[in-house]
Amino acid sequence: MSFAPKTKMDLLLDKRLTLSWTLAIQILLATITSIIIYRRHLHPLSSIPGPPFASISRLWHIYHILKGDQNLQLVSLHNKHGHFVRLAHNEVSVSHPDAIKKILGSQLKKGPWYRMTAIPDYRFQSPMATTDPKKKMEKSKAFASGYALTNVLRSEPQLDNVISLLLGHLDGFARTGKEVGLDKYFTFTSFDVAGEILFSSQFGFLETGTDVGNAIANGYWLSMYASAMAFFYHIHVVLLGNPFITWLNILPYGHLFDTAIKAMKARLQNKRDESRFDSVEYWFRAMETHPEKIKWRDVQAVTVSTVGAASETVSCALQSFVYYMIRTPGAWERARKEVIELQEKEGGREERVVSWGQAKRLVYLQACLKEGLRMFAPVPMNLPRVVGPEGLEIGGRRFEKGSILSVNSWVMHFSDEIWGEDAEEFKPERWLREDAGELDRWFMPWGYGYNSCPGQNIARLELSKIAATLVRDYDISQVNPEQEWKWQAFFTVVQHSWPCYIKARKTTTNESGCKVPWR
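Residues numbered from 1 in each chain as written. Predicted model: local features only at pLDDT ≥ 70, side-chain atom pairs only at ≥ 80, totals over all residues. Heavy atoms only, no water.

**Some thoughts on the overall build of the chain**
A count of helical and extended segments in the chain gives 22 helices and 13 strands. Since a compact globule built from 519 residues should have a radius of gyration of about 24 Å, the 26 Å found for the chain is in line with a globular shape. A burial count over the chain gives 52% of its 519 residues as buried. Restricting the contact set of the chain to residue pairs at least 6 apart, pairs at least 24 apart contribute 71%. Accessible surface computed for the chain: about 24500 Å², of which carbon and sulfur atoms make up 57%. (Helix = DSSP H or I, 4+ residues; strand = E, 2+ residues; numbered from the N terminus. Rg over C-alpha atoms; globule rule 2.2 N^0.38 Å. Buried < 20%, exposed > 50% of the residue type's maximum accessible area, 1.4 Å probe, protein only. Contact = heavy atoms within 4.5 Å. Areas by Shrake-Rupley, 256 points an atom, 1.4 Å probe, with all protein chains shown as cover.)

**Some thoughts on the nonpolar core**
Counting 138 residues, the largest nonpolar core has Ile-103, Leu-182, Trp-283, Phe-321, Val-322, Leu-365 and Phe-399 as its most contacted members. Look past the residues within four positions of Leu-365 in its chain and what remains in contact with it is Phe-321, Ala-335, Glu-338, Ala-359, Ser-464, Ala-467, Ala-468 and Val-471. (Core = buried A, V, L, I, M, F, W, Y, C linked by side-chain atoms within 4.5 Å.)

**Looking at the packing of aromatic side chains**
All told, the structure shown has 31 aromatic pairs when counted by the stated rule. Taking the centre distance of 5.5 Å and the plane angle of 90° together, the rings of Phe-376 and Trp-487 count as edge-to-face. Linking Phe-376 in the loop between helix H18 (363-375) and strand E4 (383-386) with Trp-487 in strand E9 (residues 486-489), this pair joins segments that are 111 residues apart in sequence. Of the residues examined, Phe-376 reaches a relative accessible area of 2% and is grouped as buried. (Phe/Tyr/Trp six-rings, centres within 6.5 Å; stacked < 30°, edge-to-face > 60°.)

**Some thoughts on the sheet that holds strand E7 (residues 404-407)**
Two pairing modes exist for strands in a sheet, parallel and antiparallel, and in both the strands are linked by backbone hydrogen bonds. Pairing in this open sheet of five strands is mixed, and the strands run E1-E2-E7-E4-E3 from one edge to the other. On the outer flanks of this sheet lie strand E1 (84-88) and strand E3 (109-110), each paired with one strand and no other. As paired strands, strand E2 (residues 91-94) and E7 are joined by three bridges and run parallel to one another. Residue pairing across strands places Glu-91 opposite Ile-404, the latter belonging to E7. (Pairing = 2+ DSSP bridges.)

**Details of the state of the cysteines**
One pass over the full model with this rule turns up zero disulfides. Here Cys-368 stays unpaired: no disulfide links it, and the sulfur of Cys-316, its closest cysteine neighbor, is 16 Å away. Assessed through its relative accessible area of 0%, Cys-368 is described here as buried. In this model Cys-453 remains outside any disulfide bridge; the closest cysteine sulfur is found in Cys-316, 13 Å from its own. (Disulfide = S-S within 2.5 Å.)

**A word on the UniProt feature "transmembrane region" (unreviewed entry) in the chain**
Residues annotated in UniProt with the feature "transmembrane region" (unreviewed entry) correspond here to residues 20-38. Measuring from the first to the last C-alpha atom of residues 20-38 gives 27 Å, for a span that is 100% helix and 0% strand. (UniProt positions renumbered as here; feature names shortened; annotations may be inferred.)

**Side note on the pattern of salt bridges**
Enumeration according to the criterion identifies 21 salt bridges in this entry. Taking the shortest distance from any N to any O, the salt bridge between Arg-285 and Glu-281 comes out at 3.0 Å. Of the two residues, Arg-285 and Glu-281 both sit in helix H14 (residues 279-289), four residues apart, roughly one turn of that helix. Judged by its relative accessible area of 37%, Arg-285 falls in the partly exposed class. The network of salt bridges with common partners includes Glu-371, Arg-374, Asp-422, Glu-425, Lys-427 and Arg-430. (Salt bridge = Lys/Arg side-chain N within 4 Å of Asp/Glu carboxyl O.)

**Comments concerning the packing of H18 against helix H22 (residues 456-473)**
Where H18 contacts H22, the two axes come as close as 11 Å, and the packing angle between them is 115°. Regarding the angle of H18 to H22, the classification is roughly perpendicular. Considering only the axes of H18 and H22, their crossing is right-handed. On H22, the residues touching Leu-365, Gln-366 and Leu-369 of H18 are Leu-463, Ser-464, Ala-467, Ala-468 and Val-471. Taken together, the residues of the contact of H18 with H22 break down into six nonpolar, two polar and no charged. (Axes fitted to C-alpha atoms, helices over the stretch in contact; angles between N-to-C directions. Parallel < 35°, antiparallel > 145°, perpendicular 65-115°, else oblique. Left-handed = near helix turned anticlockwise from the far one by under 90°. Nonpolar A, V, L, I, M, F, W, Y, C, P; charged D, E, K, R; others polar.)

**A word on the pairing of strand E11 (residues 500-504)**
Taking every second residue as pointing to the same face, the buried face of E11 carries Cys-500, Ile-502 and Ala-504, while none of Tyr-501 and Lys-503 on the other face is buried. As paired strands, strand E8 (residues 474-478) and E11 are joined by five bridges and run antiparallel to one another. Of the residues in E11, the one forming a bridge with Ile-476 is Ile-502.

**Considerations on the packing of helix H16 (residues 331-346) against H22**
The geometry of a pair of packed helices is captured by two quantities: the angle between their axes and the separation between those axes. Running from N to C, H16 and H22 point in directions that differ by 100°, and their axes come no closer than 8 Å. Taken together, the axes of H16 and H22 are roughly perpendicular relative to one another. Counted together, Trp-332, Ala-335, Arg-336, Val-339, Ile-340 and Gln-343 of H16 and Ala-468, Leu-470, Val-471 and Arg-472 of H22 form the full contact between these two elements. Among the residues forming the contact of H16 with H22, the class breakdown is seven nonpolar, one polar and two charged.

**Thoughts on the environment of Gln-343**
With respect to the helices and strands, the residue Gln-343 is situated in helix H16. Note on Gln-343: relative accessible area 11%, which makes it buried. Expressed as a C-alpha distance, the spacing of Gln-343 and Gly-50, which sit 293 residues apart in the sequence, is 53 Å. Leave out the neighbours within four places in its chain, and Gln-343 touches Glu-350, Val-354, Gln-358 and Arg-472.

**Points about helix H8 (residues 182-199)**
Helix length check: H8 (18 residues) gives 25 Å between terminal C-alpha atoms against 26 Å at 1.5 Å per residue, within 8%. The element H8 is extensively covered by neighbouring structure, given that 17 of its 18 residues are classed as buried. (Expected span 1.5 Å × (residues − 1).)

**Section: the side chain of Asp-121**
The residue Asp-121 is located in the loop between E3 and helix H5 (133-143) in this model. There is a polar contact of 2.9 Å between the side chain of Asp-121 and the side chain of Arg-123. Here Asp-121 is in contact with Gly-241, Asn-242, Pro-243 and Thr-246, once residues within four sequence places are set aside. (Polar contact = N/O pair within 3.5 Å; in protein donor to acceptor, adjacent residues only side chain to side chain.)

**Notes on unusual backbone geometry**
The omega angle of the peptide bond from Ile-119 to Pro-120 is 5°, so this bond is cis rather than trans. With respect to the element layout, Pro-120 can be found in the loop between E3 and H5. Positive phi, normally seen in glycine, also occurs at Ser-200, with a value near 60°. Within the secondary structure, Ser-200 sits in the loop between H8 and helix H9 (205-208). The residue Asn-214 is not glycine, and still its phi comes out positive at about 55°. You can see Asn-214 is positioned in the loop between H9 and helix H10 (215-229).

What follows is the structure, given as C-alpha cells:
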C-alpha cells in the first residue's frame, strides 16, 4: 500500500499543529509555575511555615487524610513550627491559646468543607451543612428541643433496654472466655441507641449481633471518601451527592438511611399517637407549628446526620475510656469503688444499668470520661472558619478577608502550653484540681461555639451510663496488654484491633451448676 506524498499545505498544517501543541503545553507549564510561585512566595499566607507541598496545594492534606494520620501530622508540625502552620495554600491551622475563642467562638462563616455533610445529597441541608452562621443558628434553634437533656431523658428506659442488649453480649463472652472486639459492640450500641432516642427504632445491630447490611463496615470507606472529597465538593455532587443517586438508593449507607426514613414516614401515616415523645416527635411538632421554617426534608437531614455523628463519636469515646482506663493502674478499681459507694449510700435495688441521676454525680468517673475524650478526640479534622471583611488578629498576626483559619482538637488537646508537660499522658486527676474549670476553655471534643455538636447531651447520657455500668460489673483486660490499638483518622477516628477478655464481677451458679454472670 502506498501513500500519496504530503503537499506543502499538509506540511504547513502539521507544523502549525505541532507549534499549537507546543504553545499550549508552554502556556500550561507557565500557568502552573506562576501559581506555584505566587502561592509559595507571594501569597498573603506565604510567611507562615509548614510543609512545602502544602503551601501550593491541598493535596498534602488530602494525602494524610487518606493515610489516616492527619491529626498526628498536625500535632507534630505545631510542635515544630509553633502556633501557626500552613495546612494548604489557603488555610492555616492555629494552636494559639486564643484560637478556640477567636475563631470557633466567633460568628465567622464556616469553611466550604462543611457542605459535604449534606446527606444523602445537596438538597438535605442540615444545620451542620449550612455555612452561614445566622442561617445555621436559625436552623439549630428550630431543632433544639429534640436535643434538650430534659427531653432526651424521657427515653432513658428505652436507652437502658439497648444497653442491656450490649451487656447480654458481654455476659456471653464472659461465660465462654472468648476474646471480644469492643470496637464492634460499642459501635453496634451507639447506632442502636441513636435510633432508639431519635425515632424509637433500633437498627438491629445488637439484636442480631451482626453488621446489618454491612452498614458499619461501609462507613469506614464513606468516612474516608467524605473527608477527602469535601475539598472537591462540586465533583462529589456530580458523582454521588445528587438526587438521581439518592433515587437509585445504591449508596452503601442504605440500611441506616432506609431505617431512619422508614421510621419517620410511619409517623406521618397516622401512627404518631402510638409513639413516645422522642426527638423526631419534637421536630414533627415544630414542623407543624412553623411550616415556613421546618420542612420534611429538613427533619430527614437532621435525623440522618445525627445518627452518623452521634454514633461514631460515642463509639470512639467509649473505646478511649476503656482503653486508657485498663492501661492506667488503679483507675478501673477506683472508678468501680466510686460507683459502689454511691449506690450503697443511697440504698435501694441495684439496677442492671446505672441511672443518669447517679452516673452524672460520679466525679472521678466523669473526670476519666473527659480525659479519655481529651486524649482521643472523636473528630480529628480541622474545623475551618473563613475570615470576614474586617480581618482577624490573633497571636500577633493579622489575617485578611477570605483566609481560612482552622482549629484542630488533637492539636489543642496535646498542647504543652495549655495542659503542661504531661499533656500526652492520661491523667484524670487534672480534672479534679481547683483550676479544672479553666481547662474547659480548651476542651473541644464536641466542637465549640455556634457549631458545637447538638447531640452532645445524647452522647454524655449514653457514655456516662455505659461507663459506670462497665466498671461496676466487669473486669476488662487486653488479650495482649502490650499491643497498642490501631486506628485511622478520617472525619472521625476509627479504632480497631485491640481484642479484650471480659470477666463478670459477680457470678452465680445456674441450674446446671455452672458459673454465670449475676443479674
